[in-house]
Amino acid sequence: MSFVDEFNRLPGIASPRLQAFQRLLEPGHDLEALAARAAQTTRRHFGKTMRLFAPLYLSNECVNNCKYCGFSRDNPIFRTTLSVDQVEAEARYLATEGFRSILLVAGEHPKFVSNGYLEDCVRRLSAFVPSVALEVGPMETEEYRPVVAAGAEGLVVYQETYDRATYDTLHTAGPKKNFDWRLECPERAYQAGFRRIGIGALLGLADWRAEALALAAHCDYLLRHCWRASVTVSLPRLRPAAGEFEPTHPVSDRDFTRLMLALRLTFPQVGLVLSTREPARLRDGLMPLGITLMSAGARTEPGGYTGAGREALHRTERGKIVPLIGTEGEYATEQFAISDDRSAGEIAEKLRSLGLDPVWKDWDRALAHQEQAA
Amino acid sequence: MSTPLAQQPLVIAGRTFHSRLMVGTGKFASPQAMSDALAASGTEMVTVALRRADLSGEGDPFADILDFIDPEKYLLIPNTSGAMNAEEAVRLARLAAAAGLPKWIKLEIHPDPRYLLPDPIETLKAAEILVGEGFTVLPYINADPVLAKRLEEAGTATVMPLAAPIGTNKGLDTKGQLEIIIEQAGIPVVIDAGLGIPSHAAAAMELGADAVLINTAIAIASDPARMARAFAVAVDAGRAAFEMGLPVAGRTARATSPLTGFLDA
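Every value quoted in this text rests on a predicted model; they were computed, and no experiment measured them.

Quick look at the overall build of chain A now. Per the secondary structure count, chain A includes 14 helices and 14 strands. Its C-alpha atoms give chain A principal-axis dimensions of about 60 × 45 × 40 Å. Out of the 374 residues in chain A, the part that is buried amounts to 64%. Sequence-distant contacts, at least 24 apart, represent 77% of the contacts inside chain A between residues at least 6 apart. For chain A, the computed accessible surface area is about 13900 Å², with 51% contributed by carbon and sulfur atoms. Seen as two clouds, the 45 positive and the 48 negative side-chain charges of chain A have centres 4 Å apart.

Across the boundary between the two partners, chain A contributes 36 residues, which contact 36 residues of chain B. Taking both sides of the interface into account, the surface hidden between chain A and chain B amounts to around 2800 Å²; carbon and sulfur atoms contribute 52%. The three residues of chain A that bury the most area against chain B are Arg44(A), Lys48(A) and Lys361(A), which together make up 22% of that side's buried surface. Along the contact surface separating chain A from chain B lie 4 salt bridges. When the shortest N-O distance is used, the salt bridge between Asp357(A) and Arg52(B) registers 3.5 Å. Here chain A and chain B share 16 residue pairs in polar contact (both at pLDDT 80 or more) between them. Of all the elements, helix H3 (residues 31–46) of chain A adds the most residues to the side of chain A that touches chain B, at 4 residues.

A few words on the nonpolar core. Counting 103 residues, the largest nonpolar core has Leu56(A), Leu104(A) and Leu134(A) as its most contacted members. When residues of this core are assigned to their parent elements, the largest contribution, 11 residues, is made by helix H10 (residues 208–225) of chain A. Residues within four places of Leu134(A) in sequence aside, it is in contact with Leu103(A), Leu104(A), Leu118(A), Val122(A), Val147(A), Ala152(A), Gly154(A), Leu155(A), Val156(A) and Phe194(A). In terms of nonpolar packing, the next biggest core, distinct from the first, is built from 67 residues, Leu76(B), Val137(B), Ala148(B) and Ala209(B) among them.

Okay, the confidence of the model for chain B next. When the pLDDT values of chain B are averaged, the result is 91; 97% of them are 70 or greater. Under the prediction, the complex receives an ipTM of 0.81, its pTM being 0.89.

Analysis parameters
Residues numbered from 1 in each chain as written. Chains lettered and ligands numbered in written order. Predicted model: local features only at pLDDT ≥ 70, side-chain atom pairs only at ≥ 80, totals over all residues. Heavy atoms only, no water. Helix = DSSP H or I, 4+ residues; strand = E, 2+ residues; numbered from the N terminus. Buried < 20%, exposed > 50% of the residue type's maximum accessible area, 1.4 Å probe, protein only. Contact = heavy atoms within 4.5 Å. Areas by Shrake-Rupley, 256 points an atom, 1.4 Å probe, with all protein chains shown as cover. Lys, Arg positive; Asp, Glu negative; His and termini not counted. Charge placed at Lys NZ, Arg CZ, Asp CG, Glu CD. Buried area = accessible area lost by both parts, 1.4 Å probe. Salt bridge = Lys/Arg side-chain N within 4 Å of Asp/Glu carboxyl O. Polar contact = N/O pair within 3.5 Å; in protein donor to acceptor, adjacent residues only side chain to side chain. Core = buried A, V, L, I, M, F, W, Y, C linked by side-chain atoms within 4.5 Å. pLDDT = per-residue confidence, 0-100.

Below, the structure written as structure tokens:
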């Protein structure tokens with residue numbers, strides 16, 4: 001039994017909870033009233049606090065071809081993979097900015113981002129970063145275990161789209177084509193011992209209400225079956241990226257907000273994540289309503305914070321490395337363009353002005369750091 | 001704070017306290033708001049989540065919650081929130097002690113991150129280890145009278161049963177069980193979690209609790225310091241009423257001038 005079985009029966013078996021969620025998505029519900037309820041619910045469960053984290057891109061190498069992703073194998077972009085020392089340098093920069101929670105992000109490439117590499121990165125960072133999480137290609141349970149033992153606390157894996165047909169169309173090559181394998185990834189992560197599991201849908205690829213229902217069903221399933229884990233939900237909206245994919249189902253700010261509010265009211269204790277994909281005005285508006293985790297000052301290319309990895313920069317054409325010409329390619333290519341480019345300090349100040357306390361450290365490596373305990 | 005109505009001091013592990021209100025330090029809008037609320041509450045015991053504190057000993061300025069709590073003024077009680085099993089809780093407690101924090105520990109082990117309900121088996125296991133290592137252990141538990149006695153036998157300094165799940169503001173949901181715990185206890189009973197308004201705290205004290213712990217209700221109030229003061233007054237009033245002996249509720253009317261008064265004449 002996995003979520004795949006429940007998912008395959010959707011929307012037919014939607015529980016009363018999910019049906020209520022679905023009703024909240026309808027335009028008939030007064031958005032202002034939802035916002036007031038969501039704000040109150042959030043304060044009750046999370047207090048007047050906001051957790052801050054930063055993504056740290058390890059590598060933009062990728063074996064997959066995903067039509068919407070800047071890192072797709074066939075995109076002719078500038079690529080690099082950071083050494084463990086360079087990853088540490090990036091993390092130390094983020095630590096000076098205040099971050100005590102770092103999300104390691106990488107494209108999916110067995111040659112560059114193998115298990116041993118991830119373990120080494122996690123182990124190195126765990127020495128001075130209390131909370132290290134991963135957003136990398138899905139792996140087997142047994143492959144995750146040593147990464148958890150090295151100190152990784154959370155794993156994030158977005159299904160991208162819960163629409164099977166769309167998923168199949170968008171993922172043209174690579175291991176990511178396997179829809180069910182990805183859908184079961186959070187359960188494998190839980191079995192391996194991750195304490196925090198993040199899921200999400202990349203909005204813009206399919207009808208947002210259908211995506212929302214599947215995402216809510218997934219969240220509901222994980223809460224019932226992976227009950228020891230903290231579940232977080234993120235709703236990244238497509239941003240401009242290499243490949244110039246245009247969203248086929250754009251989601252308005254109003255609908256995006258409605259979805260966030262509905263999630264908060266349906267899952268009062270679940271963490272809701274808001275990235276720098278969203279513009280400052282919208283982020284500021286959502287801060288007090290339901291969001292509990294935010295990234296800030298983010299860069300979406302390897303070496304983006306310190307310039308690390310430029311000595312190993314190379315360009316690819318249809319997956320093949322080609323020589324650099326002249327001065328081209330001084331920097332690795334970002335996964336997507338961020339929208340809110342304010343610094344971590346500026347975000348913290350904005351939070352304070354709204355009566356919220358920016359929380360940098362909310363985890364200690366003494367918790368669940370198995371190697372340390374041994 | 002004016003002279004308390006309640007007269008009996010609270011004694012935990014041989015240490016005397018005049019306030020029966022413990023305050024938690026999570027969920028505040030700012031460290032300053034927390035600090036002001038602590039002062040207004042009159043509390044002498046403050047709990048802090050170790051996962052938010054700097055245990056590295058490196059003076060981490062971004063994990064500075066301890067900088068806002070005066071150790072001269074308050075007994076700082078580290079808590080093990082975030083621990084999912086005995087091993088993790090014990091590890092955290094040892095780290096806290098190594099970092100120079102008081103060797104008191106509020107033992108919290110909740111494997112379920114949503115309702116934060118405590119694991120009774122792991123809690124007992126950790127309590128036995130920590131008591132053996134000389135910690136003053138204050139375990140957070142469900143309102144389970146048998147577990148309360150088992151922990152007392154293990155040597156914990158208090159038991160801290162929940163009135164309702166953390167942050168729910170539901171009040172004395174577990175009243176019947178709490179009554180049994182209080183009746184049977186040989187150590188102080190601190191009612192922890194679920195108390196949302198001052199009258200909940202007063203009711204808990206009237207029930208005979210030795211103290212209460214409040215966090216969310218104070219932290220998310222529009223004026224945390226004022227709410228802290230309101231809880232302090234309610235705790236004091238409830239305790240005073242308990243000390244005086246509460247009248248027993250009856251179903252039939254009772255004349256102010258007793259009908260059998262002639263017998264005493």
